[in-house]
There are 2 protein chains.
Amino acid sequence: MQIDAEKWMTVALGEAREAFARGEVPVGAVLVDGDGREIARAGNRTREMKDATAHAEILALRAAELREGDFRLDHIGPVTCVVTIEPCLMCLGALSLARISRIVFGIRDEKFGGLFGKFNLIERSPFSEWEITEGVLADECHELLKKFFENLRNGTAPG
Amino acid sequence: MQIDAEKWMTVALGEAREAFARGEVPVGAVLVDGDGREIARAGNRTREMKDATAHAEILALRAAELREGDFRLDHIGPVTCVVTIEPCLMCLGALSLARISRIVFGIRDEKFGGLFGKFNLIERSPFSEWEITEGVLADECHELLKKFFENLRNGTAPG
């Protein structure tokens, strides 16, 4: 079954907007099971938690793993990670360890993205077998990040 | 300044042995600053924490970041991550985000290692510029892992 990508990207964008309001790089993620039910959602909290690993995907994964009582999530069927921007190398590795192999994202991350760009892991196993959908609500995802980095440059970032 | 690789690998091995006793895949890590002082040490706790991200390197990073009050560690000078086995993709990404670029490890991980093997990120920036030392106390690191997986196959794993 295909999940409703736009519906869940709207949820992820809500998390990203809350991250923005906290002064964090505005990225949001939500994990959805094969029946289209939410497992966990999170926004980036690297600043607040003083933790470089506190990316939206990692926080959503940790919450989901605690809820499910397992550090792998494949036993509940195909889980999709819906995230506003292409996952970085760390998040890609973590998703793989948790046995998630479906990703929906908004925009590519030329600098830190693990799938495309310089690392190009999309061509390597296991990532070459993953179901990847990109470009969902891309304009909204892009606008939010653009606004954040503009504010940062202008010294008007919140938090 | 070069840190005493064998001394710190012995510390990392201690963490790996404690992980073994807890029934975890026996991997240990320690973060050492440029003056050869310990910042944080940890062993793998994925089973105990029900968290696929609870690798030794990640737990050591989180502890170090909390202690230093920053999600990047480069402000305290060149930090080295000493770990019993080659870091996986997730840990490599996390170390990079925390601005650590010196790694000492015991043995390569053909299956999940991020630097060598199928991903071969050692050839890509920023990893191509990292200071990497491998093979430190490799026999001990290997023996411990071998014993763990033998016990697992024989159904005699602890925990």
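Everything numeric in this text was worked out from a predicted model, so none of it was measured.

Engineer: I'm lost on the packing of aromatic side chains in this one. Help?
Structural biologist: Working definition: an aromatic ring pair is given by the centre-to-centre distance plus the angle between the planes. Tallying each qualifying case throughout the model produces 10 aromatic pairs over all chains. On the basis of an interplanar angle of 35° and a centroid distance of 5.9 Å, the ring pair of Phe 119 of chain A and Phe 127 of chain B is categorised as tilted. Of this pair, Phe 119 of chain A sits in the loop between strand E4 (102–107) and strand E5 (131–134) while Phe 127 of chain B sits in the loop between strand E4 (102–107) and strand E5 (131–134), on two different chains. Judged by its relative accessible area of 1%, Phe 127 of chain B is buried. With a centroid separation of 5.1 Å and an interplanar angle of 85°, the aromatic rings of Phe 148 of chain A and Phe 149 of chain A are classed as edge-to-face.

Engineer: Explain the interface of chain B and chain A to me, please; I cannot follow it from the model alone.
Structural biologist: By a widespread convention, an interface's size corresponds to the accessible area lost as its parts come together. Listed by partner, the interface residues are 30 residues for chain B and 30 residues for chain A. Summed over both partners, the interface of chain B with chain A comes to about 2500 Å²; 69% of that surface belongs to carbon and sulfur atoms. Among the residues chain B hides against chain A, the three largest losses belong to Lys 50, Phe 71 and Leu 97 of chain B. Together they make up 22% of the total. Along the contact surface separating chain B from chain A lie 2 salt bridges. Measuring nitrogen to oxygen at the nearest pair gives 3.7 Å for the salt bridge that ties Arg 62 of chain B to Asp 51 of chain A. Counting across the chain B and chain A interface gives 6 residue pairs in polar contact (both at pLDDT 80 or more). Contributions of two or more residues to the side of chain B that touches chain A are made by helix H2 (46–49), helix H3 (56–68) and helix H4 (89–97) of chain B. Examining the composition of the side of chain B that touches chain A, we find that 5 residues originate from one element, H4 of chain B, more than from any other.

Engineer: Mind showing me how you'd approach the packing of helix H1 (residues 5–21) of chain A against helix H5 (residues 138–154) of chain A here?
Structural biologist: Packed helices, taken two at a time, are described by the angle between their axes plus the distance between the axes. Residue and element names in this part refer to chain A. Interhelical geometry of H1 versus H5 gives an angle of 10° and a closest axis separation of 10 Å. Overall, the two elements H1 and H5 adopt an arrangement that is roughly parallel. Contacts between H1 and H5 involve Met 9, Leu 13, Ala 16, Arg 17 and Phe 20 from the first element and Glu 140, Cys 141, Leu 144, Lys 147, Phe 148 and Asn 151 from the second. Looking at the contact of H1 with H5 residue by residue, the classes come out as 7 nonpolar, 1 polar and 3 charged.

Engineer: I would appreciate a short explanation of the sheet that holds strand E2 (residues 38–43) of chain A in the present structure.
Structural biologist: The pairing of strands in a sheet comes from backbone hydrogen bonds and takes either a parallel or an antiparallel form. Residues and elements named next belong to chain A. Reading across the sheet, the 5 strands line up as E2-E1-E3-E4-E5 and stay open at both edges, with mixed pairing between neighbours. Each having just a single partner strand, E2 and E5 make up the two edges of the open sheet. Neighbour-to-neighbour, the strand axes of this sheet turn through a mean angle of 15°, independent of strand direction. Of the strand pairs in this sheet, strand E1 (residues 28–32) and strand E3 (residues 80–85) are connected by 4 bridges, and their pairing is antiparallel. The residue bridging Val 32 from the neighbouring strand is Thr 80, located in E3.

Engineer: Quick question: what am I supposed to make of the relation of the copies chain B and chain A here?
Structural biologist: If you rotate chain B by 180° and push it 0.0 Å along the axis, it lands on chain A with an RMSD of 0.0 Å. In the structure described here, the two chain copies are related by an operation that fits a two-fold rotation axis. Across chain B, the rotation axis passes nearest the C-alpha of Met 90 of chain B, at a separation of 1.9 Å. Take the interface residues of chain B: 100% of them recur as interface residues in chain A, which is what a same-surface contact looks like.

Engineer: Got a minute to help me understand the sheet that holds strand E3 (residues 80–85) of chain B in this structure?
Structural biologist: Residues and elements named next belong to chain B. Reading across the sheet, the 5 strands line up as E2-E1-E3-E4-E5 and stay open at both edges, with mixed pairing between neighbours. Two strands bound the open sheet, and with one partner strand each, they are strand E2 (38–43) and E5. Between one strand and the next, the sheet's axes are offset by a mean angle of 15°, whatever the strand orientation. Where H3 meets the sheet, its contacts fall on strand E1 (28–32), E2 and E3, and the angle it forms with E2 comes to roughly 145°.

Quick notes on the rules
- Residues numbered from 1 in each chain as written.
- Chains lettered and ligands numbered in written order.
- Predicted model: local features only at pLDDT ≥ 70, side-chain atom pairs only at ≥ 80, totals over all residues.
- Heavy atoms only, no water.
- Phe/Tyr/Trp six-rings, centres within 6.5 Å; stacked < 30°, edge-to-face > 60°.
- Helix = DSSP H or I, 4+ residues; strand = E, 2+ residues; numbered from the N terminus.
- Buried < 20%, exposed > 50% of the residue type's maximum accessible area, 1.4 Å probe, protein only.
- Contact = heavy atoms within 4.5 Å.
- Buried area = accessible area lost by both parts, 1.4 Å probe.
- Salt bridge = Lys/Arg side-chain N within 4 Å of Asp/Glu carboxyl O.
- Polar contact = N/O pair within 3.5 Å; in protein donor to acceptor, adjacent residues only side chain to side chain.
- Axes fitted to C-alpha atoms, helices over the stretch in contact; angles between N-to-C directions.
- Parallel < 35°, antiparallel > 145°, perpendicular 65-115°, else oblique.
- Nonpolar A, V, L, I, M, F, W, Y, C, P; charged D, E, K, R; others polar.
- Pairing = 2+ DSSP bridges.
- Least-squares fit on C-alpha atoms with pLDDT ≥ 70 in both.

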